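# Examining the three-dimensional arrangement
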Amino acid sequence: MIRITVWNEGKHEQEYEDIRLVYPEGIHGCIAGFLKKEEDFIVRTATFYEKEHGLSEEVLQSTDVLIIWSHALQEEFSDAVAERVRRHVLAGMGLVALHSAHYSKILRNLLGTSMTLKWRHGDRERIWCIAPTHPIAAGLPESFELPKEEMYGEYFDIPKPDDVIFLGWFAGGEVFRSGCTFTRGLGKIFYFQPGHEEYPIYYMDPIQQIIRNAVRFCMPAAEVRRELTNKEHPPMEQEN
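These numbers were taken from a predicted model, which means no experiment stands behind them. (Residues numbered from 1 in each chain as written. Predicted model: local features only at pLDDT ≥ 70, side-chain atom pairs only at ≥ 80, totals over all residues. Heavy atoms only, no water.)

### Regarding the overall build of the protein chain
So the rule is basically this: Where helices and strands are cited, they refer to DSSP runs of H or I of at least four residues and of E of at least two residues respectively, numbered from the N terminus. Computation of the radius of gyration draws on C-alpha atoms, with the globule rule given as 2.2 Å multiplied by the number of residues to the power 0.38. Using a 1.4 Å probe on the protein chains alone, a residue whose accessible area is under 20% of its type maximum counts as buried, one over 50% counts as exposed, and one in between counts as partly exposed. The contact criterion used throughout is that any non-hydrogen atoms of two residues lie within 4.5 Å. Using the Shrake-Rupley algorithm and a 1.4 Å probe, accessible areas are obtained, with residue cover drawn only from the displayed protein chains.
The helix and strand inventory of the protein chain stands at eight helices and nine strands. Relative to its length of 240 residues, the protein chain is compact, with a C-alpha radius of gyration of 17 Å against a globular reference of 18 Å. Classification of the 240 residues of the protein chain by burial places 57% in the buried group. Of all intrachain contacts in the protein chain linking residues separated by at least 6 positions in sequence, the fraction that spans at least 24 positions is 73%. Of the roughly 10,300 Å² of accessible surface on the protein chain, a fraction of 51% belongs to carbon and sulfur atoms.

### Observations concerning the environment of Ala82
Residue placement: Ala82 occurs in helix 5 (residues 79–90). For the pair Ala82 and Tyr155, spaced 73 residues apart in sequence, the C-alpha to C-alpha distance is 25 Å. Residues contacting Ala82, with those up to four places away along its chain left out, are Phe77, Lys105, Ile106 and Asn109.

### Focus: a nonpolar patch on the surface
The cut-off we apply is this: Put simply, a patch holds well-exposed residues, over 30% relative accessible area, that have no salt bridge, with like charges counted together within 9 Å and Val, Leu, Ile, Met, Phe, Trp or Tyr side chains within 5 Å. Basic side-chain nitrogens of Lys or Arg form a salt bridge, by our definition, when they fall within 4 Å of a carboxyl oxygen of Asp or Glu.
Together, Trp128, Ile130, Trp169 and Val175 make up a nonpolar patch on the protein surface, roughly 340 Å² of accessible area in all. Tracing the sequence through the fold places Trp169 in strand 7 (residues 163–170).

### Quick notes on helix 7 (residues 205–218)
To be explicit about the condition: Any helix carries an expected span of 1.5 Å times its number of residues minus one.
Taking 1.5 Å as the rise per residue, helix 7 with 14 residues should run 20 Å; its terminal C-alpha atoms sit 20 Å apart, in good agreement. Pro206, Ile207, Gln208, Ile210, Ile211, Arg212, Asn213, Ala214, Val215, Phe217 and Cys218 are the residues of helix 7 that are buried.

### A look at the nonpolar core
Stated formally: Take the buried Ala, Val, Leu, Ile, Met, Phe, Trp, Tyr and Cys residues and link them wherever side-chain atoms come within 4.5 Å; each set so joined is a nonpolar core.
Membership of the largest hydrophobic core comes to 41 residues, with the highest contact counts inside it found for Leu35, Ile67, Phe166, Phe190 and Tyr202. Among the elements that line this core, the one with the most residues is helix 7, at seven residues. Look past the residues within four positions of Phe190 in its chain and what remains in contact with it is Leu95, Val96, Ala97, Ile136, Ile165, Phe166, Gly179, Cys180, Thr181, Ile210, Ala214 and Cys218. Core analysis: the second largest hydrophobic core is formed by 33 residues, Ala46, Val81, Ile106 and Met115 among them.

### Some details on the sheet that holds strand 5 (residues 118–129)
Going by this rule: Between any two strands, at least two bridges found by DSSP are needed for them to pair. Axes here refer to lines fitted to C-alpha atoms; in helices the fit is confined to the stretch in contact. Angles between the N-to-C directions go from 0 to 180 degrees.
An order of 2-1-3-4-9-8-7-5-6 is seen for the nine strands of this open sheet, with the pairing classed as mixed. Two strands in the sheet have a free side with no partner beyond their single neighbour: strand 2 (41–47) and strand 6 (143–153). Sheet twist, expressed as the average angle between the axes of neighbouring strands with direction ignored, equals 25°. Relative to strand 9 (residues 187–192), strand 4 (residues 94–98) is paired through four bridges, and the arrangement is parallel. Paired with Leu98 across the two strands is Phe192, which belongs to strand 9. On top of the sheet, helix 5 reaches strand 3 (65–69), strand 4, strand 8 (175–184) and strand 9; it is set at about 120° to strand 9, its chief contact. Helix-sheet contacts for helix 7 involve strand 1 (2–8), strand 2, strand 3, strand 4, strand 6, strand 7, strand 8 and strand 9, and the interaxial angle to strand 9 is about 165°.

Dropping the structure here:
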């Protein structure tokens, strides 16, 4: 079984009715909802407003793969919690960072660059799979279209990825390295660009397939997982 924690700020869905209509259960609820359909996944959620942002030592000890989505509270995120997550990734916990989580303290601390990019509001995007044999690309078509998505464009200030799996092309002409993997310590990281809060991106089949594949790819190796689970902390339970 793969134990997954889906983390989201939870801010936009509370403050904006139009975003709440798109994600009535929150972005974290939407992602957790389709992941829970997998028999080998155990899923729970956490948000910014919980104690320790819901990412206590106990939670991280019982997490194989952490999925994060952040946007408006990047600087308000606790330095101590960001460091705690970094330690766990270095020790083998997998990390899937979505959309504007590129600028989270967690990813900046792990990757060590400014993580800056060009951006503007909504545009049509086509995602091209440029590494079709990569495990995260399994079951994906050569390309697929997002009718509207926030434009992220190059130059994207990231260290050299292990792999660039997806390339985004926008109707305005910009391109972006939309799906990249990195290794830090014993942990695997996948960054995936689509997912602006105003658009129903996470309901799309190809997006869900990519996230499922990424979870399995970032799952710690068996020996690393044993080290993480042989701690004196309670086992993770599936949320209802």
